[in-house]
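# Fold and geometry: a report
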Amino acid sequence: MITIGEYLCQRLHNLGVNHVFGVPGDYVLDLMDVLVESPIELVCTCNELNAGYAADAYARVKGMGAVCVTYGVGGFSLVNAVVGAYAERVPLVVISGASDRSIRRDNLLLHHTTGDYNLQLSIMEKVTVASVILTNSAQAASQIDQTLAACLHHKRPVYIEIPRDLVYRPCIPSEKPIYLTDNLTDAAALEEAIEEAAFLLEKAEKPIILAGVEFHRFKLQDKLLKLLEVTGYPLATTILGKSSISEMQPQFIGTYVGALSREYVSQRVENADCVLCLGAIMSDMNLGGFTANLNPNNLINANSEKIKIKHHFYQPVFLGDFIEGLINKLSHKEAATLEIKPAVELKNLEFIPVPEQKLTNARFYERMNHFIAQESFVISDTGDAIIATIDLLMPQKTDFIGQAFYLSIGYSIPACLGVAFAAPNTRPIVFVGDGAFQMTAQELSTIIRHHLNPIIFLINNDGYTIERVIQDNIYNDLQPWKYHQLPAVFNGESWSCQVGTEGELEKALSIAQGNIDRLSFIEVHLDRFDCSQGLTRLGQALRSPHA
């Protein structure tokens, strides 16, 4: 026999979850004791929201992440991270401790509750694809398995609530692996979708592929590479789909974000006579504040379970099956006819620093395009950071992570923690504005505590620049911190500095590259309204007529 707590840990570990992020509280201490004794490492963060962000980023890398909190004050603090994971299709397992079942039966008023013991479940049901309160040991194992299977299948959060008195109760374990429901595809719908899509693509003179986030979530990158090889088409990605393949690939032209894109990228996508849009979330940010101009008559829009071509819908059709069908159907087009300008040409331009010259936003990110190395993770926070990094090129085996749909400010620092545990042999590189950093700065202490070695660029431009560009007022001002001194405050091995010129940046980059065993924290001083051209265009698109 095995206890319910042990069974949950075993199942998570079997699915590749080697770390669980969380914050202790009396309702979850027994379960955390079980975690500590299991092969899973428990990583305690400074608060529950940060634990959720860390587990979210961990899941983006590993395929599943988990967060463990106490009831009420813990679960409700976590909700924003769960909503973000739901919006961006992240397989996150939310585990909450709860009071003993006897207390629920007697309706006793207990701390961390309102007296409604179904409240947390009711809220989590709105932002998960499966939610369960374990109520007896006979059903616990099957309930855990079904919930984890739903997480894997839908690539979205699930919720498991465990009353304290059930943690050590024995259960009957399943000897079978977690059963995954097959991705359903209707054969007739698939065949018709392939026929219509292939007809449009074959007659098109300037087709293009637009790749989205589902290539990451469903591990379909190999199919994308094969499709590019077979067709010869150019490729652009959405922000969420960024790094679906190496951006050094000669058919990759850049990231398409409507009017926020480079002029060539936006024109090439919008002037295409057929856009094969695969696995993209068509949100406002992915479409540049709805500045994207995609003709629906030239659009084939395929997602994980359905396909829309002009005004025709085909479902259920799994995205991977649709791509496989196109690979077998489409013919190759010669590059000379497709107007492909590889994005890698941006990196071929030599960067020559001018030591005494004051740093600008444009020059800083131009330098970063030559700094990012292979086999790393680039993490951008909400704000100008995520827009300015649109045109940073991701080399081979380098992934980009950013909340480009939900856009929760402060995501990047705890996300860095999650990535560092998920991929210990790579080095995270983080771009975070001063406003976003003030939201979750305390998680820097957890990074230092665990002797992790990211390089963090704190972009100090004196407040909420993304809001200033849209509509400025005193609400965009911040208390100015001495950011580069914070690592020392958090009392551990780290290195930090502040830079304001190109020469100072070069010196800092050299030192950071050598500090392979500790955090490197570089505060970059930019002028208040010095932002990316993309943000300027976004501000114009979103500005209130009353401003």
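Numbers given for residues are sequential positions, taken from 1 along each chain in its written order. Predicted model: local features are reported for residues with pLDDT of at least 70 only, side-chain atom pairs are reported and counted for 80 or more only, and whole-chain, interface and lining totals are derived from all residues. Only hydrogens and water are set aside; all other atoms, that is, all heavy atoms of the structure, feed into the side-chain values.

If you tally the helices and strands in the chain, you get 21 helices and 21 strands. The globule rule is 2.2 Å times the number of residues to the power 0.38, and the radius of gyration it is compared with is taken over C-alpha atoms. Here the C-alpha radius of gyration of the chain, 24 Å, is about what a compact globule of 547 residues would show, namely 24 Å. Along the first, second and third principal axes, the C-alpha atoms of the chain reach 70 × 65 × 50 Å. Buried positions account for 60% of the 547 residues belonging to the chain. In what follows, residue pairs with any heavy atoms lying within 4.5 Å of each other are defined as contacts. Contacts in the chain between residues at least 24 apart in sequence constitute 78% of all its contacts with a sequence separation of at least 6. Surface accessibility in these figures is a Shrake-Rupley result with a 1.4 Å probe; residues are shielded only by whichever protein chains are displayed. Accessible area for the chain stands at about 21,700 Å²; split by element, carbon and sulfur atoms hold 51% of it. Each charge class in the chain was averaged separately, 42 positive and 61 negative side chains, and the resulting centres sit 2 Å apart. Helix numbers and strand numbers start at the N terminus; a helix is a DSSP run of H or I with at least 4 residues, a strand a run of E with at least 2. Note on exposure labels: buried denotes an accessible area under 20% of the residue type's maximum, exposed denotes more than 50%, and partly exposed covers the range between, all computed with a 1.4 Å probe on protein chains only. Charged residues are defined narrowly, with Lys and Arg counted positive, Asp and Glu counted negative, and His plus the chain ends left uncounted. Charge placement uses NZ in Lys and CZ in Arg. For Asp and Glu, CG and CD serve respectively.

Once that is clear, we can look at the packing of helix α8 (residues 187–203) against helix α12 (residues 319–329). Interhelical geometry of α8 versus α12 gives an angle of 50° and a closest axis separation of 10 Å. Between α8 and α12, the interaxial angle falls into the category oblique. Here the hand of the crossing between α8 and α12 comes out right-handed. Residues L190, A193, I194, E195, A197 and A198 of α8 form the contact with α12, whose participating residues are D321, F322, G325, L326 and K329. By the convention adopted, Pro, Cys, Tyr, Trp, Phe, Met, Ile, Leu, Val and Ala count as nonpolar, Lys, Arg, Asp and Glu as charged, and the other residues, Gly among them, as polar. Tallied by class, residues from the contact of α8 with α12 come to seven nonpolar, one polar and three charged. Fitting a line to C-alpha atoms yields each axis, with helices limited to the stretch in contact; the angle taken between N-to-C directions then spans 0 to 180 degrees. Should an angle lie under 35 degrees it is considered roughly parallel, over 145 roughly antiparallel, and from 65 to 115 roughly perpendicular; all remaining angles are considered oblique. Put simply, a crossing is left-handed when the front helix is turned counterclockwise from the back one by less than a right angle, and right-handed when it is turned clockwise.

Further remarks concern the packing of helix α1 (residues 4–14) against helix α7 (residues 137–154). The N-to-C vectors of α1 and α7 enclose an angle of 20°; their axes lie 10 Å apart at closest approach. Here α1 is positioned roughly parallel relative to α7, judged by the angle of their axes. In this structure, α1 crosses over α7, and the sense of that crossing is right-handed. Packed against α1, whose contacting residues are I4, Y7, L8, R11 and L12, the element α7 presents S137, A140, A141, I144, D145 and L148 at the interface.

The subject of this paragraph is the UniProt feature "domain: Thiamine pyrophosphate enzyme N-terminal TPP-binding" (unreviewed entry) in the chain. UniProt positions are given in the numbering used here, feature names are shortened, and annotations may be inferred rather than shown by experiment. UniProt marks residues 3–105 with the feature "domain: Thiamine pyrophosphate enzyme N-terminal TPP-binding" (unreviewed entry), using the numbering shown here. For residues 3–105, the end-to-end C-alpha separation is 23 Å, with 53% helix and 20% strand making up the annotated structure.

Residue ranges for the domains originate in an automatic or database domain assignment. According to the domain assignment, the chain contains domain 1 (2–164), domain 2 (185–341) and domain 3 (348–535). Contact residues are listed per partner, giving eight residues for domain 1 and eight residues for domain 2. For the pairing of domain 1 and domain 2, the buried interface totals around 710 Å² over both sides, and the portion due to carbon and sulfur atoms is 48%. The term buried area means the drop in 1.4 Å probe accessible area that two parts suffer when joined, counted for both and summed. Together, E88, R89 and K155 form the three largest contributors to the area buried by domain 1 at its contact with domain 2, with a combined 64%. The salt bridge definition used is simple: a Lys or Arg side-chain nitrogen within 4 Å of an Asp or Glu carboxyl oxygen. Joining domain 1 to domain 2, the criterion identifies one salt bridge. Taking the shortest distance from any N to any O, the salt bridge between R89 and E214 comes out at 3.2 Å. N or O atoms within 3.5 Å of each other form a polar contact, as long as, within protein, one can give a hydrogen and the other can take it, and as long as residues adjacent in sequence are counted only when both atoms are side-chain atoms. Joining domain 1 to domain 2, the criterion identifies four residue pairs in polar contact (both at pLDDT 80 or more). Its residues assigned to classes, the side of domain 1 that touches domain 2 shows three nonpolar, one polar and four charged.

Turning next to the packing of aromatic side chains. Centre distance within 6.5 Å is the pairing criterion for rings of Phe, Tyr and Trp, where only the six-membered ring of Trp is used; planes under 30 degrees apart are then read as stacked, over 60 as edge-to-face, and the remainder as tilted. By the definition in use, this model includes 14 aromatic pairs. Plain terms: the ring middles of F364 and F431 are 6.1 Å apart, the flat faces sit at 75° to each other, and that makes the pair edge-to-face. One end of the pair, F364, is in helix α13 (residues 361–368); the other, F431, is in strand β18 (residues 427–433), with 67 residues separating them in the sequence. Summarising the aromatic geometry, the rings of Y365 and F431 are spaced 5.7 Å apart at their centres and angled 45° between planes, so their arrangement reads as tilted.

Moving on, we come to the pattern of salt bridges. Taken as a whole, this structure holds 21 salt bridges when the rule is applied. One salt bridge in this structure joins D527 and K358, with 3.5 Å as the shortest N-O distance. Remark: K358 occurs in the loop between α12 and α13 and D527 occurs in the loop between β21 (519–525) and α21 (533–542); sequence separation between them is 169 residues. When its relative accessible area of 43% is taken as the criterion, D527 is described as partly exposed.

Turning next to the sheet that holds strand β7 (residues 158–163). Reading across from one edge, β3-β2-β4-β5-β7-β6 is the order of the six strands in this open sheet, with parallel pairing throughout. Unpaired on one side and paired on the other, β3 (41–44) and β6 (130–133) mark the two borders of the sheet. Averaged over all pairs of adjacent strands, the angle between their axes in this sheet comes to 20°, without regard to strand direction. Most of the contacts of helix α3 (residues 48–62) go to strand β4 (residues 65–69), to which it runs at about 165°, and overall it touches β2 (19–22), β4 and β5 (92–98). Pairing between strands requires that DSSP locate at least two bridges from one strand to the other.

This paragraph deals with the side chain of S376. Positionally, S376 belongs in strand β16 (residues 376–380). Here S376 falls in the buried class, since its relative accessible area comes to 4%.

Another aspect to go through is helix α11 (residues 263–270). When α11 is considered as a whole, its buried residues turn out to be Y264, V265, S266, R268 and V269. For α11, the secondary structure elements touched by its buried residues are β9 (207–211), β10 (235–237), β11 (252–255) and β12 (274–278).

The strand order across the open sheet built from six strands is β17-β16-β18-β19-β21-β20, with neighbouring strands paired in parallel fashion. A single partner strand is all that each edge strand has here, and the edge strands are β17 (399–401) and β20 (494–499). Taken pair by pair, the neighbouring strands of this sheet meet at an average axis angle of 15°, ignoring direction. Sheet topology places β20 next to β21; six bridges connect them, and they run parallel. Paired with V499 across the two strands is V524, which belongs to β21.

Glancing now at the nonpolar core. Residues belong to a common nonpolar core when they are buried Ala, Val, Leu, Ile, Met, Phe, Trp, Tyr or Cys residues joined through side-chain atoms within 4.5 Å. If you look at the biggest cluster of nonpolar residues, it comprises 52 residues, and the most contacted ones within it are F21, F437 and I456. At eight residues, helix α15 (residues 412–422) tops the list of elements feeding residues into this core. Residue-level mapping places this core at the junction of two domains, with at least three residues from each of domain 1 (2–164) and domain 3 (348–535). Beyond its immediate sequence surroundings of up to four residues, F21 is in contact with V43, T45, A51, A54, A55, Y58, A66, V67, C68, L417, G418 and F421. F371, I372, I455 and V469 belong to the second-largest nonpolar core, a separate cluster that totals 43 residues.

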